[in-house]
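# Fold and geometry: a report
Listed below, chain by chain, are the residues.
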Amino acid sequence: MKYPVGGQRGHIIVFANEKGGVGKSTSAFHTCIALCNAGESVAALDVDLRQLTLHHALWARQESEREFGVKLPGPEQILLAQQNENELEEKLRMARIHHDFIIIDVGGHDSPIARKAIFMADTIITPVNDSFIDLDMLGRIDPRTGELRTLGNFARLVEHLKEPGMAIRPKALDWVVMQNRSRNFATKNERKVLDALEKIAPVAGFRIVPGLRERVTYRELFPMGLTLFDLEAIPELGKPQHNAREEIWAMLRALNLPSAALNKAIAPAEAS
Ligand SMILES: Nc1ncnc2c1ncn2[C@@H]1O[C@H](COP(=O)(O)OP(=O)(O)OP(=O)(O)O)[C@@H](O)[C@H]1O
Ligand SMILES: [Mg+2]
């Protein structure tokens, strides 16, 4: 089956990893709101149809706006009524015309609709935590030699997507593996996991970027649909945390997204 993509305006960013609980929804939400803060026109779409975590966070954001009497930047939420691949393709085609970016959260399991989203991506972001179990879907590393034994199922899926003729896309697909929940001081295990990722990367065809650090704030604000950017508008919830905001900008910079507004939004004080 071919997946034509076309050359429209909207850049599709898909957060996907067949491993569950690695931070797909958390990273998708923060990327989405940061792009909105940068002044981009953004659409959000959840194809994790059982959990709808991204949509729930965005609905909670609307409730928070009413509760605190503020107007916060946010995306257009796109819902799937029929929940099938044709509908997804049609809605993405329209969203590409009207928006600069489309953020898609894909559940932690394989499904036809998940595949369709992945096959239409311009950027695939695969969050991983510092655990070898999280790497299985990317590649299996020999624990004794540290060498790559075989690619994992998710890496094979993306490899398939890169085969000639599978997708007609205006630009090359960028596959990014994002280290989520890292700590301030890299542990021995974190370094080992990074070594393993560096072994898999050239074979699987992804690059590795830093993601969000382990922070309680991300867990605390998420149920209210809020991010650190919103604390200036709602000071009663806490002081703005400049380090953490810089971490989000750094994550976005590493994605090399086609966004002039994003580059402008990274104020000199916040840029490293
Ligand atoms: N950077 C972070 N700091 C602290 N907690 C985090 C961070 N990223 C994710 N978490 C927490 O880890 C858990 C899993 O995150 P999340 O739901 O985003 O993962 P997921 O990959 O979308 O999971 P699923 O496969 O179930 O969709 C959640 O409890 C979330 O609050
Ligand atoms: Mg999720």
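Located above this text is the structure these notes cover.
### A closer look at unusual backbone geometry
Of note in the backbone geometry, L52 takes a positive phi value of approximately 45 degrees without being a glycine. Inspection of the secondary structure assignment puts L52 in the loop between β3 (42-46) and α2 (53-68). For Q83, which is not glycine, the phi dihedral falls at a positive 60 degrees. By the secondary structure assignment, Q83 is in the loop between β4 (76-78) and α3 (85-98). Judged by relative accessible area, Q83 falls into the partly exposed class, the value being 42%.

### Considerations on the site of ligand 1
As a matter of local geometry, ligand 1 sits amid 17 residues, with G21, K24, S25, T26 and R213 nearest to it. Between a nitrogen atom of ligand 1 and a main-chain N or O atom of R213, the distance comes to 2.8 Å. Here a nitrogen atom of ligand 1 sits 3.0 Å away from a polar atom, N or O, in the side chain of R219. Of all the elements in the fold, those that place two or more residues in the shell around ligand 1 are α1 (24-37) and α8 (216-221). The element that contributes the greatest number of residues to the shell around ligand 1 is α1, accounting for 3 residues. Residues belonging to the shell around ligand 1 are distributed by class as follows: 3 nonpolar, 7 polar and 7 charged.

The rules behind these values
- Residues numbered from 1 in each chain as written.
- Chains lettered and ligands numbered in written order.
- Predicted model: local features only at pLDDT ≥ 70, side-chain atom pairs only at ≥ 80, totals over all residues.
- Heavy atoms only, no water.
- Helix = DSSP H or I, 4+ residues; strand = E, 2+ residues; numbered from the N terminus.
- Buried < 20%, exposed > 50% of the residue type's maximum accessible area, 1.4 Å probe, protein only.
- Near = heavy atom within 4 Å.
- Polar contact = N/O pair within 3.5 Å; in protein donor to acceptor, adjacent residues only side chain to side chain.
- Nonpolar A, V, L, I, M, F, W, Y, C, P; charged D, E, K, R; others polar.

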